[in-house]
Amino acid sequence: MLRLAQSAAASSTPAFNTTLARELEALGPQHPALHPMLQSGLSQSSAVADEPVSICILGVDEDEGQIRARLGVVYAGVIAGCSCADDPTPVDSLTERCELLLDLDCASGSARLSLLDRC
């Protein structure tokens, strides 16, 4: 389970979108709640790179202390070679994008992410 205390505290304020994006970006691509979603969202590469993630809030719906947000995530994926000592393929990264759905309970700050779409 993911905890987003800052975002929950900023719910129903004009700062919510910015707070949510910054809090998720600060987790990084290897965070246990974010990494599986990013890995599933890969379309051109084989693994999520350990590079910064950029979050764009595409839409937010709030109802009785629950927030549902659509997120656009831009991140890097790695195309790796076979890892043989004589492999001439350099490790390279590509820009990946996916959309996630975030369900946030404003009272507890607990959140759940799910993959909406590989782009």
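Everything discussed here concerns the structure shown above.
Worth saying up front: this structure is predicted, and the values here are computed from it rather than measured.

Caption draft 1: Seen up close, the pattern of salt bridges. Throughout the structure, instances matching the rule amount to three salt bridges. Measuring nitrogen to oxygen at the nearest pair gives 3.4 Å for the salt bridge that ties Arg70 to Glu99. In this pair, Arg70 is assigned in strand E4 (residues 66-79) and Glu99 in strand E5 (residues 92-105), connecting sequence segments 29 residues apart. For Arg70, a relative accessible area of 37% translates into the label partly exposed. Assessed through its relative accessible area of 14%, Glu99 is described here as buried. A salt bridge links Arg97 to Glu99, with the nearest nitrogen and oxygen atoms 3.5 Å apart. A relative accessible area of 31% means that Arg97 is categorised as partly exposed. One network of salt bridges, in which partners are shared, links Arg70, Arg97 and Glu99.

Caption draft 2: Summary view of a negative patch on the surface. A cluster of acidic residues, Asp61, Glu62, Asp63 and Glu64, forms a negative patch on the protein surface. Turning to its location among the elements, Glu62 is positioned in strand E3 (residues 54-63).

Definitions and cut-offs
Residues numbered from 1 in each chain as written. Predicted model: local features only at pLDDT ≥ 70, side-chain atom pairs only at ≥ 80, totals over all residues. Heavy atoms only, no water. Salt bridge = Lys/Arg side-chain N within 4 Å of Asp/Glu carboxyl O. Helix = DSSP H or I, 4+ residues; strand = E, 2+ residues; numbered from the N terminus. Buried < 20%, exposed > 50% of the residue type's maximum accessible area, 1.4 Å probe, protein only. Patch = residues over 30% accessible without salt bridge, like charges linked within 9 Å, V, L, I, M, F, W, Y side chains within 5 Å. Areas by Shrake-Rupley, 256 points an atom, 1.4 Å probe, with all protein chains shown as cover. Lys, Arg positive; Asp, Glu negative; His and termini not counted. Charge placed at Lys NZ, Arg CZ, Asp CG, Glu CD.

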